[in-house]
Amino acid sequence: MKSIDITGFGEPLMEFNHVQRGGEWLYLPGHGGDTSNATIAAARLGARTAYVTAVGDDAFGRDFLSLWDAEGVDRSRVASRPDASTGIYFITHGPDGHAFSYYRAGSAASRVTPADIPADLIAASRVLHVSGISQAISTSACDAVFHAIAMARAAGTNVSYDTNLRLRLWPLDRARAVIHAAVAQSDVCLPGLDDARQLTGLQGPEEICAFYLGLGCRIVALTLGKDGTMVATPEATRRIPARVVEAIDATGAGDAFDGAFLAEWLRNGGDAFAAAAYANAAAALSTQGYGAVAPLPRRDEVDAFLKA
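What comes next is a walk through the structure. Just so we're clear, the structure is a prediction, and the values are computed from it rather than from any experiment. (Residues numbered from 1 in each chain as written. Predicted model: local features only at pLDDT ≥ 70, side-chain atom pairs only at ≥ 80, totals over all residues. Heavy atoms only, no water.)

### Focus on the side chain of Thr229
Inclusion rule: Helix and strand assignments follow DSSP, with helices taken as H or I runs no shorter than four residues and strands as E runs no shorter than two, numbered in order from the N terminus. When accessible area is computed with a 1.4 Å probe and restricted to protein chains, residues below 20% of their type maximum are described as buried, those above 50% as exposed, and intermediate ones as partly exposed. Side-chain atoms alone can form a polar contact between residues adjacent in sequence; in general such a contact is a pair of N or O atoms within 3.5 Å, and within protein one must be able to donate a hydrogen while the other accepts it. For this analysis, residues touch if any pair of their heavy atoms sits within 4.5 Å.
Following the sequence through the fold, Thr229 ends up in strand β14 (residues 229-232). Given a relative accessible area of 0%, Thr229 falls into the buried group. Here the side chain of Thr229 touches Asn280 through a polar contact of 2.7 Å, side chain to side chain. Ignoring anything within four residues of it in the chain, the contact list for Thr229 reads Ala221, Leu222, Thr223, Leu224, Arg238, Arg239, Ile240, Phe257, Ala276 and Asn280.

### Comments concerning the sheet that holds strand β6 (residues 73-74)
Counted only if it meets this: Only strands that DSSP links by at least two bridges are regarded as paired with each other. To get an axis, a line is fitted to the C-alpha atoms, and for a helix only the part in contact is used. The angle between two axes follows their N-to-C directions and goes from 0 to 180 degrees.
Read from one edge to the other, the open sheet built from nine strands follows the order β6-β4-β1-β10-β11-β12-β13-β14-β15, with strand pairing classed as mixed. Each edge of the open sheet carries a strand with a single partner, namely β6 and β15 (237-240). The sheet contacts of helix α8 (residues 205-215) involve β12 (188-189), β13 (219-223), β14 and β15, and relative to β13 the element is tilted by about 145 degrees.

### Thoughts on the pairing of strand β9 (residues 97-103)
Where strand β8 (residues 87-94) lies against β9, seven bridges are found, and the strand directions are antiparallel. Bridge pairing in β9 links Ile91 to Phe100.

### As for the side chain of Thr35
Note that Thr35 resides in helix α1 (residues 34-44). Residue class for Thr35 comes out buried when judged on its relative accessible area of 0%. Reaching out from Thr35, the side chain makes a polar contact with the backbone oxygen of Phe9 at a distance of 3.3 Å. Within the structure, the side chain of Thr35 is placed 2.7 Å from the side chain of Tyr51, a separation counted as a polar contact. Excluding residues that lie within four positions of it along the chain, Thr35 makes contacts with Phe9, Gly10, Glu11, Tyr51, His129, Val130, Ser131 and Ser134.

### Focus: helix α10 (residues 272-286)
Quick reminder of the rule: To estimate the expected span of a helix, subtract one from its residue number and multiply by 1.5 Å.
Over its 15 residues, α10 extends 20 Å from the first C-alpha to the last, a length consistent with the 21 Å expected when each residue adds 1.5 Å. Within α10, 13 of the 15 residues are buried, which leaves it mostly tucked inside the rest of the structure. The opening residue of α10, the one whose side-chain oxygen lies 3.1 Å from the backbone nitrogen of Phe273, is Asp271.

Laid out in structure tokens, this is it:
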């Protein structure tokens, strides 16, 4: 019996969101980092979760340790490094949506190596969740992700991979090669349409899903924004409608989808189509507040939204 449902691995980032409060523009502090967000999203929906990374021995790193404790995420394997800092990012908003400015070079998380990956925790987990960002932040982190994936496969742990393409971190050709190789060793692939088009050179959702299934994963949940999610398995491909809301801030919505999808997929016995419908609702609710973590919904909120 595995004691952890989902273990995430990647880079947490302290968040500063430029918002208006009482007629003034302020930078509202929060928390971010794609796999950390997804892990917290799953925890809020009742999954047993853990997180693996390194943070700086600084105020932001300690803030993350407190956050994971408050959210019920096992952070016993998070290292605190006195020789590196915790990464940060700023969010600004405009007519074309939100924009990000990152300050993460040399962060504690980017210094993680394969030797830092806890084999026993990976083996105790039902799912390991990693992403393209987890691999893009440094060569050693990239190697650590592949090492974690190998450990998971050896232990019978499912691997979930969000392609999360960030071309500020690495060139497209390298990203494509690394991400394709990781997806080929994963069970669940969680790409977004825009990223997938750049990575595969394909345009249609159906052909993108077929491409990723062809690499070797057994479930693809391709998010399509307002058009919902296309879920593909070797047996069937279906489009799952989106839940439409008036979004305030879409920061972290994809991560909310990931965490909700995995939590529901594990809870419902492996129905990826039902998991995507649930995750669409959770992701929609996550856009109803500012920041990546603060508006992540809990199970009673998602259940009420689905019944409305």
